[in-house]
Amino acid sequence: MIGFLAIDIGASSGKAFVGKYGRNRLVLEEVHRFSNEPIHVADLTHWNLISLYKNVVESIKAASAMGIEIRSVGIDTWGVDFGLIDSSGSIQGDPRHYRDMFKDDSMDYAIKKAGKRWIFDRAPTQFQPFNTLYQLISLKRNNSRYLEKADALLPMPSLLTYFLTGEKLTEFTFATTTQLFDPDRNDWSEELIRFFDLPDIMTPIVDPGEIAGELLPSVAEELGIKGLKVILPASHDTASAVSSMDLSDDSMFVSAGTWCLEGVLIDKPSRNDDVIENNLANEGCYGRRYRLLKNLTGLWLVQELLKEWRRSDPNLDHYALTEMALTVRSYERKIDVESEAFRKPRSMEKAILSEAEKLGISLKNRGEIVRAAIEGIAYQTEQTRKQLQSITGRSIRNIRMVGGGIRNSLLCQLVSDYTGLPVVAGPAEGTATGNIIVQMLGLGELSDLSQAHDLIQRSFNFQEYTPKK
Ligand code: LRH
């Protein structure tokens, strides 16, 4: 038996799993779990990088204590965020949290200056105020000393990989979330960088599965581990999740977590006007393919409710919330989960109540509030399906769901009900599973993606849902 360690860090928590591989089966064992709590200082929100690194180290320690040979480790995170490294190799400040960008007008500034189509023609992805491109423009406009001193930009997973190996690389799938990647050049867009007068700090782009290196001697010594390879998996979490799914042309995927990432697999970025119109993304996948995708506000709504209600009721958990939501009525009209009101509200409960009130609905209890959120997500999923069908000209006949959000059986059932399609859900740890199989592909333990998907099919349980109405 051999093992591969996946460290999957999301916007609210991180998890480490060892994929144990033997007798043609893959079994995931959780070895570490930690919270990812951003820190607010002087009105800015930062990721707690030191704590994240500490937990990466703890994860490696826990994996190596399992008593099996751990061949490699790979880290994936949410998209767009990064750290800046100066010429001496030191980090410049703590990486900023993308949600701060909702209060920043740099995307509007950039669009006014260059034109939406001009930017899209070079980096054809969704316009989100927090894309790396706009974060960099914002730093530039604010005369950031950190940016002035920066010598290399490292996306979050690359940054943690750099601390382990000393290598400065960007992995392709993450690069496509920055809106600085030009698929025609298969490299950074020099035109965008020049136009916005950004420094030349982007690092070389490598494919998912690339072996970044082995642990630095100092790290290896501290951990008492030798020969552990550090691999860049599909280091953007959505890309890892999508790698775990066997998708055909008539499948739509939903990776359900803080965000619901919903889309279809395509070979080349779609440059259709409707992609801009509906603000869809063309993000990179394993094998330099793409996914046409909608970034929908997902279980963030429920996570925030839980956080709020736990202050007075510490025993509350996701299961209890789903139970409450299962027993209450549903309203005909659905709240718009994409509303600005849900981006970073002080109180999610108040935000949902007031959005519902605008529709003439007065939600009566916690169950109804949670249900309104989940119904809103499922309803939007159906809108996304229609957009994807019309842009690609495909007929979507089945839905594949992965991610922690599939533990919410109400969400899976409602997605099936609203789309009128069968849903196959699993594994819940789709991202870690995808991370692991790309490591295995990188090391030659698996020969191609279809072999990887056979292995996943044999190794995990899947839940099926069929439409009830
Ligand atoms: C989901 C995700 C998504 C967003 C980003 C900020 O975790 O990766 O793609 O764009 O976080």
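Predicted model only: the values in this text are computed from it and were never measured. (Residues numbered from 1 in each chain as written. Predicted model: local features only at pLDDT ≥ 70, side-chain atom pairs only at ≥ 80, totals over all residues.)

Let us look at the overall build of the chain. The helix and strand tally for the chain stands at 18 helices and 21 strands. Its C-alpha radius of gyration of 21 Å places the chain within 12% of the 23 Å reference for a compact globule of 469 residues. For the chain, with 469 residues in total, the buried portion stands at 49%. Taking contacts inside the chain between residues at least 6 apart in sequence as the whole, the part at least 24 apart equals 73%. (Helix = DSSP H or I, 4+ residues; strand = E, 2+ residues; numbered from the N terminus. Rg over C-alpha atoms; globule rule 2.2 N^0.38 Å. Buried ≥ 20, exposed ≤ 12 C-beta atoms within 10 Å, placed from the backbone. Contact = placed C-beta atoms within 7 Å.)

Turning next to the sheet that holds strand β1 (residues 2-9). Read across the sheet, six strands follow the order β3-β2-β1-β6-β14-β13 without closing on themselves; strand pairing throughout is mixed. Each edge of the open sheet carries a strand with a single partner, namely β3 (25-35) and β13 (210-214). Each neighbouring strand pair of the sheet contributes to a mean axis angle of 25 degrees, computed without reference to strand direction. With eight bridges connecting them, β1 and strand β6 (residues 69-77) associate as parallel partners. (Pairing = 2+ DSSP bridges. Axes fitted to C-alpha atoms, helices over the stretch in contact; angles between N-to-C directions.)

The full set of residues close to the ligand is Gly 10, Trp 78, Gly 79, Val 80, Tyr 98, Thr 177, His 236, Asp 237, Thr 238, Trp 259, Leu 261 and Asn 295. Elements with a contribution of two residues or more to the shell around the ligand: α10 (237-243) and β16 (259-266). Here the residues of the shell around the ligand are counted per class, giving five nonpolar, six polar and one charged. When residues of the shell around the ligand are sorted by domain, at least three fall in each of domain 1 (2-236) and domain 2 (245-426). (Near = placed C-beta within 6 Å. Nonpolar A, V, L, I, M, F, W, Y, C, P; charged D, E, K, R; others polar. Domains from an automatic or database assignment.)

Contact geometry for helix α2 (residues 106-114) and helix α4 (residues 132-141): axes closest at 9 Å, N-to-C directions at 95 degrees. When the axes of α2 and α4 are compared, the pair comes out roughly perpendicular. Across from Ser 106, Met 107, Tyr 109 and Ala 110 in α2, the residues of α4 making contact are Tyr 134, Ile 137, Ser 138 and Arg 141. Considering only residue class, the contact of α2 with α4 consists of five nonpolar, two polar and one charged. (Parallel < 35°, antiparallel > 145°, perpendicular 65-115°, else oblique.)

Where helix α14 (residues 348-358) meets helix α15 (residues 366-392), the closest approach of the two axes is 10 Å, and the angle between their N-to-C directions is 75 degrees. As the angle between them shows, α14 and α15 are arranged roughly perpendicular. Only Ile 369, Ala 372 and Ala 373 of α15 make contact with α14, whose side of the interface consists of Glu 349, Ile 352, Leu 353 and Ala 356. Here the residues of the contact of α14 with α15 are counted per class, giving six nonpolar, no polar and one charged.

Where a protein is soluble and globular, its nonpolar side chains tend to be buried together. In terms of nonpolar packing, the biggest core is built from 132 residues, with Leu 5, Leu 301, Ala 373, Met 401 and Val 415 touching the most fellow members. The element best represented in this core is α15, accounting for eight residues. The contacts of Ala 373, once residues within four sequence positions are left out, are Leu 301, Val 302 and Ile 352. (Core = buried A, V, L, I, M, F, W, Y, C linked by C-beta atoms within 7 Å.)

Turning our attention to the pairing of strand β19 (residues 398-402). Counting buried residues in β19 gives four out of five residues, a clear majority hidden from the surface. Sheet topology note: the strand β15 (residues 251-256)/β19 ladder contains five bridges and is parallel. Each residue of the ladder has a partner; that of Phe 253, found in β19, is Arg 400. Of the pairings in the sheet, the one linking β19 to strand β20 (residues 423-425) comprises three bridges and is parallel in character. Along β20, the bridge assignment pairs Met 401 with Ala 425.

With that settled, the discussion passes to the UniProt feature "domain: Carbohydrate kinase FGGY C-terminal" (unreviewed entry) in the chain. The UniProt record annotates "domain: Carbohydrate kinase FGGY C-terminal" (unreviewed entry) at residues 253-441. Across residues 253-441 one finds 46% helix and 18% strand; the C-alpha atoms that close the span lie 22 Å apart. (UniProt positions renumbered as here; feature names shortened; annotations may be inferred.)

The next thing to look at is the environment of Asn 315. Along the chain, Asn 315 turns up in the loop between α12 (300-310) and α13 (318-326). C-alpha separation for the pair Asn 315 and Tyr 290, spaced 25 residues apart in sequence, amounts to 41 Å.

This part takes up the confidence of the model for the chain. Averaged over all residues, the pLDDT of the chain equals 96, while 100% of them reach at least 70. The complex prediction reports pTM at 0.94, with the ipTM value standing at 0.93. (pLDDT = per-residue confidence, 0-100.)

Time to look at the pairing of strand β2 (residues 13-22). Across the 10 residues of β2, seven count as buried, placing the element largely inside the fold. Both β1 and β2 contribute to a ladder of eight bridges, which runs antiparallel. Note that in β2 the partner of Asp 8 across the bridge is Lys 15. Between the antiparallel neighbours β1 and β2 lie three residues.

Moving on, we get to the environment of Gly 287. Secondary-structure assignment places Gly 287 in the loop between β17 (281-285) and β18 (289-297). In this structure, the C-alpha to C-alpha distance between Gly 287 and Asn 461, residues 174 residues apart in sequence, is 26 Å.

Residues Gly 426 and Pro 427 are joined by a peptide bond in cis, for which omega reads -10 degrees. Backbone geometry at Arg 23 places phi at a positive 45 degrees, although glycine is not the residue there. Within the secondary structure, Arg 23 is located in the loop between β2 and β3. Owing to 6 C-beta atoms within 10 Å, Arg 23 belongs among the exposed residues under this scheme.

To continue, consider helix α16 (residues 409-419). With nine of its 11 residues buried, α16 lies for the most part within the structure. Listing the buried residues of α16 in full gives Leu 411, Cys 412, Gln 413, Leu 414, Val 415, Ser 416, Asp 417, Tyr 418 and Thr 419. Next to the buried residues of α16 lie β15, α15, β19, β20 and β21 (463-465). Immediately beyond the C-terminal end of α16, within one or two residues, lies Gly 420, with a positive phi of roughly 70 degrees.

Topologically, Gly 360 is positioned in the loop between α14 and α15. Residues Gly 360 and Arg 333, spaced 27 residues apart in sequence, show a C-alpha to C-alpha distance of 8.9 Å.

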